[in-house]
Amino acid sequence: MQFDHAEISRVEVLLSPERLGPLLSISGDLPGAIILHQHVVQVAAELLGVLSIIEVACRNEICSQLDQKFGQDQWLASGPQEFNWHNQEKQKIGKARFSAQKAVYMKYSNQQKQNCDLVAFPNGAPANISAEHRKRKRIKTILVSSGQQKTQFTLYFWKRLFSDAYERSLWKPCLKNCFPNKNVTRADVATKLEVLYQARNRIAHVEAIYGSRLAAVLDAIDFLAQNLGERRPNPNSALFKLLEPHHKMLTAAADQLDQKLKSYQVVGV
């Protein structure tokens, strides 16, 4: 990848000096910063595939345990008896339900949308109701399955379930079963999920992940792949095998980035 002087200036504008700044401080010149940027982007692209698989796997393991403890739909409805969600999770559950309803509504025909009025406004819609208010009322009439709701939660919600706020109410009675290895603690899981959550956020905000931060992400991936559903760390787990082709590409991209950083005598950034 070769750029002439004019192209380098153009790339700096396209990527922004702010984005290239941290990489420029490593490489010492713009061409080197651009090359580093391309390596960083490749790592982020490979990371997304791995993170998406791990998120789905964690979600389904967690949901399986919650379904068994509370009943398939109870924890998504008003909440199981003798159990209280914290306000933050209550709000997330409500938003997930509405998002699932909205996803269904957006696929409705105009006639189906109008039919929702029969339930939303049994006595007829108010004459001065706004279009947005009518839409929200219609959306809330739609029945969605627990599966449709569960897919609307983000990694933020799942990692919150491993916070110390839920150690007695969720970890000990059911979520520990997601990580049956007796040496794995709730704090271990919470820490690793937080690392992956932060990595996902950095990628979404187009921020670079490299050096010690990338090493922590790779360690968290290996931890979850080896321990989710396993009684002892298992590098040959079903999840690890599922991740294997993506994990290899991620490792290769990470190694290339690491070698490039080392060429600038940067270690453990």
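The rules behind each value
- Residues numbered from 1 in each chain as written.
- Predicted model: local features only at pLDDT ≥ 70, side-chain atom pairs only at ≥ 80, totals over all residues.
- Heavy atoms only, no water.
- Helix = DSSP H or I, 4+ residues; strand = E, 2+ residues; numbered from the N terminus.
- Rg over C-alpha atoms; globule rule 2.2 N^0.38 Å.
- Buried < 20%, exposed > 50% of the residue type's maximum accessible area, 1.4 Å probe, protein only.
- Contact = heavy atoms within 4.5 Å.
- Areas by Shrake-Rupley, 256 points an atom, 1.4 Å probe, with all protein chains shown as cover.
- Lys, Arg positive; Asp, Glu negative; His and termini not counted.
- Charge placed at Lys NZ, Arg CZ, Asp CG, Glu CD.
- Core = buried A, V, L, I, M, F, W, Y, C linked by side-chain atoms within 4.5 Å.
- Disulfide = S-S within 2.5 Å.
- Salt bridge = Lys/Arg side-chain N within 4 Å of Asp/Glu carboxyl O.
- Phe/Tyr/Trp six-rings, centres within 6.5 Å; stacked < 30°, edge-to-face > 60°.
- Lys NZ or Arg CZ within 6 Å of the ring centre and 35° of its normal.

J.: Please give an account of the overall build of the chain that cites residues and values.
T.: Each helix and strand in the chain was counted, giving 13 helices and zero strands. When the helices and strands of the chain are read in sequence order from the N terminus, they spell out α-α-α-α-α-α-α-α-α-α-α-α-α. Relative to the 2.2 N^0.38 estimate, which gives 18 Å for 269 residues, the radius of gyration of the chain is 23 Å and therefore markedly larger than a compact globule would have. Counting only C-alpha atoms and orienting by the principal axes, one finds that the chain spans roughly 70 × 55 × 30 Å. When the 269 residues of the chain are sorted by exposure, 40% land in the buried category. Residue pairs in contact within the chain that sit at least 24 positions apart in sequence constitute 70% of those at least 6 positions apart. Total accessible area on the chain is roughly 15,000 Å²; 49% of this is exposed by carbon and sulfur atoms. Between the averaged position of the 35 positive side-chain charges in the chain and that of its 25 negative side-chain charges there is a distance of 9 Å.

J.: I'd like to hear about the nonpolar core, residue by residue, with values.
T.: With 68 residues, the main nonpolar core has Leu47, Trp75, Leu161, Phe162, Leu170 and Leu175 as its most contacted residues. Of all the elements, helix H3 (residues 30-70) adds the most residues to this core, at 17 residues. Among all residues touching Leu175, those that are not within four sequence positions of it are Ile62, Gln65, Leu66, Leu161, Phe162 and Leu170. Phe98, Tyr105, Ile139 and Val144 belong to the second largest nonpolar core, which has seven residues in total.

J.: A description of the state of the cysteines should follow, citing residues and the corresponding values.
T.: Enumeration according to the criterion identifies zero disulfides in this entry. Cysteine Cys63 is unpaired, with the sulfur of Cys178 as its nearest cysteine sulfur at 9.3 Å. Since its relative accessible area comes to 4%, Cys63 is described here as buried.

J.: I'd like a rundown of unusual backbone geometry, residues and numbers included.
T.: One non-glycine residue with positive phi stands out, namely Ser16, at about 85°. Tracing the backbone shows Ser16 in the loop between helix H1 (5-15) and helix H2 (17-27). Phi angles above zero are rare outside glycine, and Val206 is one such case at about 55°. Among the secondary structure elements, Val206 is positioned in the loop between helix H11 (186-204) and helix H12 (211-227).

J.: An account of the pattern of salt bridges is needed here, citing residue identities and associated values.
T.: Going through the model one piece at a time under the given rule, you end up with eleven salt bridges. For the salt bridge of Arg200 with Glu55, the shortest nitrogen-to-oxygen distance reads 3.0 Å. A residue pair is termed long-range when its members are at least 10 positions apart, and Arg200 in helix H11 and Glu55 in helix H3 qualify at 145 residues. On the basis of relative accessibility, which here comes to 25%, the residue Arg200 falls in the partly exposed class. Taking the shortest distance from any N to any O, the salt bridge between Lys248 and Glu244 comes out at 3.7 Å. With Lys248 and Glu244 both in helix H13 (residues 238-263) and four residues apart, the pair spans about one turn of that helix. Lys248 sits in the exposed class, given a relative accessible area of 54%. Within this structure, Asp117, Arg134 and Arg138 form a network of salt bridges that share partners.

J.: Describe in detail the packing of aromatic side chains, supporting the description with residues and values.
T.: Inspection of the entire model under this criterion finds 15 aromatic pairs. Between Phe153 and Phe157 the ring centres are 4.1 Å apart and the planes differ by 20°, which places this aromatic pair in the stacked class. You'll find Phe153 and Phe157 in the same group, each marked buried. A centroid spacing of 6.1 Å and a plane angle of 80° characterise the contact between Phe162 and Phe179, whose relative ring orientation is edge-to-face. Of the two residues, Phe162 sits in the loop between helix H9 (155-160) and helix H10 (167-171) while Phe179 sits in the loop between H10 and H11, which places them 17 residues apart along the sequence. Comparing Phe162 with Phe179 shows no difference in burial state: the two are buried. Members of the aromatic cluster, joined through ring pairs, are Phe70, Trp75, Phe83, Trp85, Phe153, Phe157, Trp158 and Tyr166. Above the ring of Phe98, the side-chain terminus of Arg136 is found at 4.5 Å from the ring centroid.

J.: Requested: an account of the side chain of Lys192, with residues and values cited.
T.: Tracing the backbone shows Lys192 in helix H11. A residue is classified by how much of its surface remains accessible, and Lys192, at 18% relative accessible area, is buried. Other than its neighbours up to four places away in sequence, Lys192 contacts Asp219, Ala220 and Phe223.

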